[in-house]
Amino acid sequence: MSQRARSSRTTRIRRAALAGVAAVTAAGLLTACSYGSQAATSSSDNSSASSAASGPALSASTVHIGYFANLTHATPLIGIQDGKFQQALGGTKIATQIFNAGPSEIEALNSGAIDIAWIGPSPAINGYVKSHGAALKIISGATSGGAELVVNPATIKTLADLKGKKIATPQAGNTQDVALLNYLAGKGYKEDPKTGAGDVSVIRTDNSLTPAAYAAGQIDGAWVPEPTASKLVSEGARILLDEKTLWPNNQFVSTNVIVSQTFLAAHPDVVKAVLKASVDTNAWIQANPAQARTDANAALKALTGKALSTKVLDAAWSELTVTDDPLAASLQAEAQHAVTAGFIKQPDLTGIYDLTPLNQVLTAEGKPTVSAAGLGAQ
């Protein structure tokens, strides 16, 4: 497909997606209705293409990359804003699209609107399972941690107080939504995963709208990624549960890198260049944490129009860890959470990873390789 044709198709897809936005309540709460299938899209229609590409292009003239304006997506936030990704890609241009949550990003990947994406594990699992293993591969880790259940201390003092309350998540079937529903199921609460109705009302809300909904008293709390969690804390909420405390060694995958299998087969050199940029960016973040925070904040301001306060930025940054390791051993548990929550049947995740390109990059840079935990190539 020519670049012009692809651009036209992507524009049609985005217009159609925006036309499908579902009803928004008076509180401005965005409600999605199914795991991995988005009736109410929350992608941003502000995709942009890099104009700084220089040198010979790789096998694709442009790579379309999706990610969120969340600190849990620090790698593309920093690496794309600072030019590290473009440097690795040479003459191949970067086009970006910003999303609120994973299910809509999976739809974009499946439609060909994006090629590579930073995404949470639950939508990646569902996208793989629903396509019978044909849609995508997880090719790298990105972030561990960075998600909390924060609540209004006036209405919720303990975990036993959740019954009858309204708790927000970013989108039906996204990683935090699955984590909340799995947690509630483990406490014996009855929930409808499609509607969010039950002993606890799960309100699917765009991250950008959650602080206003909390301030208006229309939700009692939220299970959300950073920096939304720390924004709520700055407005008087408190952390009731840090998700990492539920995991062995306080480690769980919160963000992976996925690729369309079609794109991986056609453009392995581009995929490998993106992975090199990811590895180099993560190494830079680890070596320069203070400057990384500043650069991530600058990227958030460019994408959302508003920078985080120093207090929110520092609190949010302390909750997450960037990593090349996809923490594959935790993925099966994430899948079981989706089963428990009622979104999917017991999945077969064999083959969901292809860590071969990543391990080639890591080996070339003298870094330890990472494991697929028996769930794919490495």
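Attention shifts here to the pairing of strand 5 (residues 136-145). Burial of strand 5 is extensive: ten of the ten residues sit out of reach of the surface. Relative to strand 11 (residues 253-260), strand 5 is paired through seven bridges, and the arrangement is antiparallel. Bridging across to strand 11, threonine 143 finds its partner in threonine 255. When strand 5 meets strand 12 (residues 320-322), the two strands line up antiparallel, connected through three bridges. When the bridges of strand 12 are listed, serine 144 appears paired with threonine 321.

Using the criterion set out here, one finds three aromatic pairs in the structure. For the ring pair tyrosine 183 and tryptophan 223, a centre distance of 5.9 Å and an interplane angle of 55° mean the geometry is tilted. Residue tyrosine 183 is found in helix 6 (residues 175-186), and its partner tryptophan 223 is found in strand 9 (residues 221-225); the two are separated by 40 residues along the sequence. One exposure class covers both tyrosine 183 and tryptophan 223, and it is buried. Summarising the aromatic geometry, the rings of tryptophan 247 and phenylalanine 252 are spaced 5.5 Å apart at their centres and angled 15° between planes, so their arrangement reads as stacked. Its end group placed over the ring of tryptophan 284, lysine 84 keeps NZ or CZ at 4.1 Å from the ring centre.

In the structure shown here, the tally under the stated rule is seven salt bridges. Of the charged contacts in the structure, one is a salt bridge between lysine 84 and aspartate 82, with a shortest N-O distance of 3.5 Å. Lysine 244 serves as the salt-bridge partner of glutamate 319, at 2.9 Å between the closest nitrogen and oxygen. With glutamate 319 in the loop between helix 12 (310-317) and strand 12 and lysine 244 in the loop between strand 10 (238-242) and strand 11, the pair connects residues that are 75 residues apart, well separated along the chain. By relative accessible area, glutamate 319 is classed as buried at 16%. Each of Asp242, Lys244 and Glu319 takes part in one network of salt bridges that share partners.

Let us look at unusual backbone geometry. Along the chain, glutamate 226 connects to proline 227 via a cis peptide bond; the corresponding omega equals 15°. Tracing the backbone through its elements, the reader meets proline 227 in the loop between strand 9 and helix 8 (228-234). At histidine 132, a residue that is not glycine, the phi angle is positive and equals roughly 55°. Relative to the elements of secondary structure, histidine 132 occurs in the loop between helix 5 (121-130) and strand 5. Given the relative accessible area of 76%, histidine 132 is considered exposed. If you check the backbone angles, asparagine 249 has positive phi at about 60° while not being a glycine. If you trace the backbone, asparagine 249 turns up in the loop between strand 10 and strand 11. For asparagine 249, a relative accessible area of 71% gives the class exposed.

To continue, consider the sheet that holds strand 10. Taken in spatial order, the five strands of this open sheet run 8-7-9-6-10, and their pairing is mixed. Every interior strand has two partners, whereas the edge strands, strand 8 (201-204) and strand 10, have only one. If you compare each strand with its neighbour and ignore which way they point, the axes differ by 25° on average. As paired elements, strand 7 (residues 166-169) and strand 8 share four bridges and run parallel to each other. Note on strand 8: the bridge partner recorded for lysine 166 is serine 201.

Reading the values: rules and limits
All residue numbers refer to positions counted from 1 along the written sequence of the respective chain. This being a predicted model, a pLDDT of at least 70 is required before a residue's local features are given, and a value of 80 or more before pairs of side-chain atoms are given or counted; all residues contribute to the totals for chains, interfaces and linings. Water and hydrogen atoms play no part in the side-chain values, which are based on all heavy atoms of the structure. Categorising residues by exposure relies on relative accessible area from a 1.4 Å probe, with only protein chains included: less than 20% of the type maximum marks a residue as buried, more than 50% marks it as exposed, and the intermediate range marks it as partly exposed. Secondary structure elements are defined from DSSP: runs of H or I of at least 4 residues count as helices, runs of E of at least 2 residues count as strands, and each element is numbered from the N terminus. Strands qualify as paired when DSSP identifies two bridges or more between them. Only rings of Phe, Tyr and Trp enter the pairing, Trp through its six-membered ring, and a pair is recorded when the two centres are within 6.5 Å. The plane angle decides the type: under 30 degrees is stacked, over 60 is edge-to-face, the rest tilted. Criterion for a charge above a ring: Lys NZ or Arg CZ within 6 Å of the ring centre, and within 35 degrees of the ring normal. One speaks of a salt bridge when a side-chain nitrogen belonging to Lys or Arg is within 4 Å of a carboxyl oxygen belonging to Asp or Glu. For helices, the fitted line uses only the C-alpha atoms of the stretch in contact; every axis is such a line through C-alpha atoms, and the angle between N-to-C directions lies from 0 to 180 degrees.

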